[in-house]
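Residue-level structural notes
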Amino acid sequence: MPVLDVDALLDDRSTEIVVCCGAGGVGKTTTSAALALRAAERGRKVVVLTIDPARRLAQAMGIEHLDNTPRPVLSVDAGAGGSLDAMMLDMKRTFDEVVESQASPEKARQILDNPFYVALSSSFAGTQEYMAMEKLGQLHRQALADGSHDLIVVDTPPSRSALDFLDAPERLSSFLDGRFIRLLLAPARGPARLMTAGFSVVTNALTKVLGAQVLRDMQTFVAAFDTLFGGFRQRAEQTFALLQADGTAFVVIAAPEPDALREAAYFVDRLTDDDMPLAGLVVNRASPSARTELSAEEAITAADRLRSGDSSSLTAGLLRLHADRVRVIEREQHLRERFAAAHPHVPTAVVPAMASDVHDLDGLRAIGESLSRQE
Amino acid sequence: MTARAERLDDWPGVRLHVVTGKGGTGKSTVAASLALALATSGRRVLLCEVEGRQGIARMFDVDPLPYEERRIAKGAPDATGRAGQVHALHIDPESALMEYLAMYYKLGRAGKALDRFGVIDFATTIAPGVRDVLLTGKVYEAVQRPRGGRQAGQITYDAVVLDAPPTGRICQFLGVNSELAGLAKVGPIKTQADKVMELLRSPRTAVHLVTILEEMPVQETSDGIAELRAAGLPVGGVVVNLVRPQALSPSALASVRDDTVDPTGITSELSRARVDVDAGLVESLVAEARDHAVRRQLEDEQRELVAAEGVPTYELPRLPGGIDPGALVELAGLLRHQGLA
């Protein structure tokens with residue numbers, strides 16, 4: 001199994017964007033922050049875009065207050081000439097910013113006040129993914145323009161599936177494209193005429209389901225949004241193209257658990273299909289290996305022999321702990337080997353589980369060290 | 001063991017068990033185990049999932065489930081050996097909407113064809129809240145189904161277990177029926193929404209939270225409990241999952257931490273147990289125990305935080321071999337023993 005050389009990836013000046021993907025609950029945000037910090041302390045001018053950092057980590061990085069702009073992270077070692085800015089994504093504000101940049105002030109106001117827009121911009125499944133991409137695009141354009149950063153590290157939203165990051169923006173785009181909205185709200189024309197009878201029954205049904213007010217709000221929204229539709233799709237396409245470019249690297253994050261590795265496998269396959277640059281896989285929270293070769297079976301048998309003597313035997317306890325440790329490690333190894341067998345060329349780095357949660361820069365540094373210290 | 005009256009569980013009268021938890025805490029495993037545990041003494045339990053993951057099929061090692069109630073496992077046997085049945089239902093919002101349109105608007109085939117225009121996709125993903133209304137509506141229907149069912153062949157269930165969205169989303173999901181902002185103010189959906197809220201806020205529902213003994217999940221559990229209470233939703237218990245083996249007694253732990261372990265004592269015990277004791281073995285075992293002791297301290301701190309919530313707490317071990325149908329039966333037994341079912 002090839003090893004992922006994290007330092008080589010971060011030191012390479014041609015790497016401009018690192019995107020961290022994977023299932024929820026595997027430590028994506030922490031890993032993104034750790035990679036960003038390490039890159040900064042190795043001389044890169046980094047900005048990290050996080051989605052939902054833990055409260056204490058956010059505090060440590062100075063990003064607990066959402067203002068949708070990168071802020072410098074203090075206590076970063078700037079000895080190698082690097083720097084680290086960080087921000088938390090505010091998806092609603094990002095959406096508002098795009099609307100404001102594309103529409104006249106009056107139209108923008110109309111849209112931003114529209115109840116349908118308010119709901120869409122804050123709770124639509126897919127908005128967060130779309131806005132993460134949009135923000136990445138903005139940060140990249142800015143970096144090119146003023147040289148403020150030479151590396152952008154992107155955390156991705158904790159969605160149901162790792163693939164949502166790639167798929168969700170398309171859903172929002174095609175909705176905002178207006179084709180469907182217009183079809184829904186206007187009398188049927190063209191090929192739709194054939195379906196008119198059934199179609200209007202459905203729209204009537206949906207009116208009853210959604211409520212007349214929602215459809216009225218949508219009509220207002222559509223009217224005001226009119227000229228912005230194409231712009232949204234165009235922006236999404238531009239950012240998507242950025243993800244396929246040479247300067248981008250995807251790092252897939254997983255844990256040695258079946259669900260996380262399954263999501264990672266889907267993602268790896270999808271990146272290959274879409275011709276997107278995969279740098280490698282990071283397996284987080286790996287259990288510590290056993291310190292002695294005694295097998296699990298031997299240990300349990302021995303513990304059972306002791307139990308007949310003294311039920312509170314310390315030694316029996318040590319043996320049981322050891323057996324558990326060995327079994328867990330064997331299972332994790334088996335899962336990782338299964339992944340490697342199906343994806344033999346994916347460079348991998350393994351990070352042992354930390355004893356406690358990471359909630360400050362020192363914790364992030366420890367993860368960075370682990371990432372680079374691969375056998 | 002004599003056959004005697006079944007021991008009472010902690011949740012008599014609860015017919016809908018909602019299981020939530022942070023991602024990675026094993027929420028789906030707990031939901032499945034709870035369903036098995038409840039399905040005793042001939043009872044019939046429905047296990048539902050609503051996030052499209054086909055987690056149920058994977059755990060029970062069957063093909064991906066269609067949108068249809070399907071018997072999936074035998075339940076846990078009671079003291080007399082009598083078991084019940086667990087049925088599974090994979091609820092996807094698209095099918096739920098199609099069923100709704102067919103039922104109320106007689107749409108059927110025409111509705112399917114219109115999916116080409118993205119109508120169904122729109123309603124279930126873009127129109128905010130509609131998705132959750134459809135999902136909770138379907139669960140409500142299964143809980144409130146009258147004896148004999150509404151259609152031929154329908155089963156009525158003694159309990160429903162919902163493998164629900166994670167803690168961060170649970171209040172929004174369960175509360176959607178009370179804030180139909182923009183949704184119909186009259187009509188079948190409004191009437192149903194009121195009834196759904198009534199069920200969710202009644203003692204017939206309990207929302208259990210699954211956690212592991214780590215900072216963020218415990219914090220989210222605490223936040224989740226506060227949010228649920230603020231929304232008037234009934235908090236059930238906390239299930240502490242993936243607990244590591246508690247193989248060392250408090251005094252043993254203390255001696256490991258204080259480094260007052262006696263290596264000669266251990267060596268002689270190992271020999272007595274017929275283990276080949278080489279130079280590093282004792283040292284290694286003690287070092288491993290030390291790692292465990294550090295972890296254990298943090299876990300015990302988190303345990304106290306969970307206990308401070310003042311709700312019934314249950315513990316399930318991490319099974320080193322992973323989750324398969326056999327493991328679910330084992331976990332179900334532990335839940336019954338502790339009184340969650």
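Residues numbered from 1 in each chain as written. Chains lettered and ligands numbered in written order. Predicted model: local features only at pLDDT ≥ 70, side-chain atom pairs only at ≥ 80, totals over all residues. Heavy atoms only, no water.

Regarding the overall build of chain A
- On a plain count of helices and strands, chain A comes out with 16 helices and eight strands.
- Out of the 375 residues in chain A, the part that is buried amounts to 55%.
- For chain A, long-range pairs separated by at least 24 residues make up 80% of all intrachain contacts whose partners lie at least 6 apart in sequence. (Helix = DSSP H or I, 4+ residues; strand = E, 2+ residues; numbered from the N terminus. Buried < 20%, exposed > 50% of the residue type's maximum accessible area, 1.4 Å probe, protein only. Contact = heavy atoms within 4.5 Å.)

As for the sheet that holds strand S2 (residues 44-49) of chain B
Residues and elements named next belong to chain B.
- Judged by pairing direction, the sheet is mixed, and its eight strands sit side by side in the order S3-S4-S2-S5-S1-S6-S7-S8 without closing on themselves. Of all strands in the sheet, those with a lone pairing partner are strand S3 (70-74) and strand S8 (313-317), marking the two edges. Sheet twist, expressed as the average angle between the axes of neighbouring strands with direction ignored, equals 25°.
- Bridge count between S2 and strand S5 (residues 159-163): five bridges; the pairing is parallel. (Pairing = 2+ DSSP bridges. Axes fitted to C-alpha atoms, helices over the stretch in contact; angles between N-to-C directions.)

Side note on the pattern of salt bridges
- In the structure shown here, the tally under the stated rule is 40 salt bridges over all chains.
- With a closest N to O distance of 3.2 Å, Asp 223 of chain B and Arg 55 of chain A form a salt bridge. One end of the pair, Asp 223 of chain B, is in helix H9 (residues 215-230); the other, Arg 55 of chain A, is in helix H3 (residues 55-61), on a second chain.
- Among the residues examined, Asp 223 of chain B registers a relative accessible area of 29% and is labelled partly exposed.
- Between Glu 51 of chain B and Lys 27 of chain B there is a salt bridge; the shortest N-O distance is 3.3 Å. You can see Glu 51 of chain B sitting in the loop between S2 and helix H2 (55-59) and its partner Lys 27 of chain B sitting in helix H1 (residues 27-38), a full 24 residues away along the chain. Each of the two residues, Glu 51 of chain B as well as Lys 27 of chain B, counts as buried. (Salt bridge = Lys/Arg side-chain N within 4 Å of Asp/Glu carboxyl O.)

Focus on the environment of Gly 280 of chain B
Residues and elements named next belong to chain B.
- Within the fold, Gly 280 resides in the loop between helix H11 (263-272) and helix H12 (281-307).
- Judged by its relative accessible area of 29%, Gly 280 falls in the partly exposed class.
- Expressed as a C-alpha distance, the spacing of Gly 280 and Ser 41, which sit 239 residues apart in the sequence, is 53 Å.

Concerning unusual backbone geometry
Residues and elements named next belong to chain A.
- One non-glycine residue with positive phi stands out, namely Ser 75, at about 60°.
- Topologically, Ser 75 is positioned in the loop between strand S3 (71-72) and strand S4 (83-88).
- With a relative accessible area of 61%, Ser 75 lands in the exposed category.
- For Arg 285, which is not a glycine, the phi torsion comes out positive at approximately 60°.
- Secondary-structure assignment places Arg 285 in strand S7 (residues 278-286).

Regarding the sheet that holds S7 of chain A
All names here are of chain A.
- Taking strand neighbours across the sheet as the criterion, the eight strands line up as S3-S4-S2-S5-S1-S6-S7-S8 in an open arrangement whose pairing is mixed. Edge positions in the open sheet fall to S3 and strand S8 (348-352), since each of these has one partner strand only.
- Sheet contacts for helix H13 (residues 258-273): strand S1 (17-21), strand S6 (248-254) and S7; angle to S6, the most-contacted strand, approximately 160°.

Some words on the confidence of the model for chain B
Residue and element names in this part refer to chain B.
- Per-residue confidence for chain B gives a mean pLDDT of 87, with 88% of residues at or over 70.
- Confidence, read as mean pLDDT per element, is least for helix H4 (residues 109-114) in chain B (63) and greatest for strand S6 (residues 205-211) (98).
- Note on residues 1-5: pLDDT is under 50 here. Beyond four places in sequence and across chains, it has one contact. (pLDDT = per-residue confidence, 0-100.)

A look at the packing of aromatic side chains
Residues and elements named next belong to chain A.
- Following the criterion strictly, the structure yields two aromatic pairs over all chains and no others.
- Here the aromatic rings of Phe 250 and Phe 267 are separated by 6.2 Å at their centres, their planes lie at 50°, and the arrangement is tilted. Placement of the pair is Phe 250 in strand S6 and Phe 267 in helix H13, with a sequence separation of 17 residues. As far as the burial class goes, Phe 250 and Phe 267 line up, both buried. (Phe/Tyr/Trp six-rings, centres within 6.5 Å; stacked < 30°, edge-to-face > 60°.)

Some words on the packing of helix H15 (residues 314-342) of chain A against H12 of chain B
- For the pair H15 of chain A and H12 of chain B, the least separation of the axes is 9 Å and the interaxial angle reads 75°. Looking at the two axes, H15 of chain A sits roughly perpendicular to H12 of chain B. Facing H15 of chain A, whose interface residues are Leu 318, Leu 319, Leu 321, His 322 and Arg 325 of chain A, H12 of chain B presents Leu 285, Val 286, Glu 288, Ala 289, Asp 291 and His 292 of chain B.
- A per-class count over the contact of H15 of chain A with H12 of chain B returns six nonpolar, two polar and three charged. (Parallel < 35°, antiparallel > 145°, perpendicular 65-115°, else oblique. Nonpolar A, V, L, I, M, F, W, Y, C, P; charged D, E, K, R; others polar.)

Notes on the side chain of Ser 33 of chain B
- Residue position: Ser 33 of chain B is located in helix H1.
- Not counting residues up to four positions away in its chain, the partners in contact with Ser 33 of chain B are Leu 328, Leu 331, Ala 332 and Leu 335 of chain B.

Describing a negative patch on the surface
- Where like charges cluster on the molecular surface, the negative patch consists of Glu 297, Glu 298 and Glu 330 of chain A together with Asp 276 and Asp 278 of chain B.
- Mapped onto the elements, Asp 276 of chain B comes out in the loop between H11 and H12.
- Accessibility expressed as a relative area gives 69% for Asp 276 of chain B, which makes it exposed. (Patch = residues over 30% accessible without salt bridge, like charges linked within 9 Å, V, L, I, M, F, W, Y side chains within 5 Å. Areas by Shrake-Rupley, 256 points an atom, 1.4 Å probe, with all protein chains shown as cover. Lys, Arg positive; Asp, Glu negative; His and termini not counted. Charge placed at Lys NZ, Arg CZ, Asp CG, Glu CD.)

A few points about helix H4 (residues 91-102) of chain A
All names here are of chain A.
- For H4, built from twelve residues, the straight-helix expectation of 16 Å at 1.5 Å per residue is met to within 8% by its first-to-last C-alpha distance of 17 Å.
- Those residues of H4 that fall on the buried side of the exposure criterion are Met 91, Thr 94, Phe 95, Asp 96, Val 98 and Val 99.
- The opening residue of H4, the one whose side-chain oxygen lies 3.3 Å from the backbone nitrogen of Lys 92, is Asp 90. (Expected span 1.5 Å × (residues − 1). Polar contact = N/O pair within 3.5 Å; in protein donor to acceptor, adjacent residues only side chain to side chain.)

Thoughts on the confidence of the model for chain A
- Residues of chain A with pLDDT of at least 70 account for 87%, and the chain-wide mean is 86.
- Residue range residues 187-196 of chain A is modelled with pLDDT below 50. Its contacts to residues more than four positions away, or to other chains, number seven contacts.

So, helix H6 (residues 130-144) of chain B
- Here H6 of chain B is 15 residues long and its end C-alpha atoms lie 21 Å apart, about the 21 Å a rise of 1.5 Å per residue gives.
- For H6 of chain B, the buried fraction is high: 13 of the 15 residues fall into the buried class.

Comments concerning the pairing of S2 of chain B
Residue and element names in this part refer to chain B.
- In terms of residue burial, S2 counts as a mostly covered element, since five of its six residues are buried.
- In terms of strand pairing, S2 meets strand S4 (residues 85-90) through six bridges, oriented parallel. Bridging from a neighbouring strand, Leu 47 pairs with Ala 88 of S4.

As for the side chain of Thr 167 of chain B
- Along the chain, the position of Thr 167 of chain B falls in helix H7 (residues 167-175).
- If near-sequence neighbours (up to four positions away) are discounted, Thr 167 of chain B is found in contact with Thr 20, Gly 21, Lys 22, Leu 209, Glu 220 and Gly 224 of chain B.

Observations regarding the state of the cysteines
- For the coordinates displayed, the defined rule picks out zero disulfides over all chains.
- This cysteine, Cys 20 of chain A, is not joined by any disulfide, and Cys 21 of chain A carries the nearest cysteine sulfur, 7.3 Å off.
- Given a relative accessible area of 0%, Cys 20 of chain A falls into the buried group.
- Distance from the sulfur of Cys 48 of chain B, which forms no disulfide, to the nearest cysteine sulfur (Cys 171 of chain B) is 19 Å. (Disulfide = S-S within 2.5 Å.)

Focus: the pairing of strand S2 (residues 45-50) of chain A
All names here are of chain A.
- Across the six residues of S2, five count as buried, placing the element largely inside the fold.
- Pairing of S2 with S4 involves six bridges; the strand directions are parallel. Opposite Thr 50, over in S4, you have Met 88 as the bridge partner.
- Here S2 pairs with strand S5 (residues 151-155) via four bridges, running parallel. Counted as the bridge partner of Val 47 is Ile 152 from S5.

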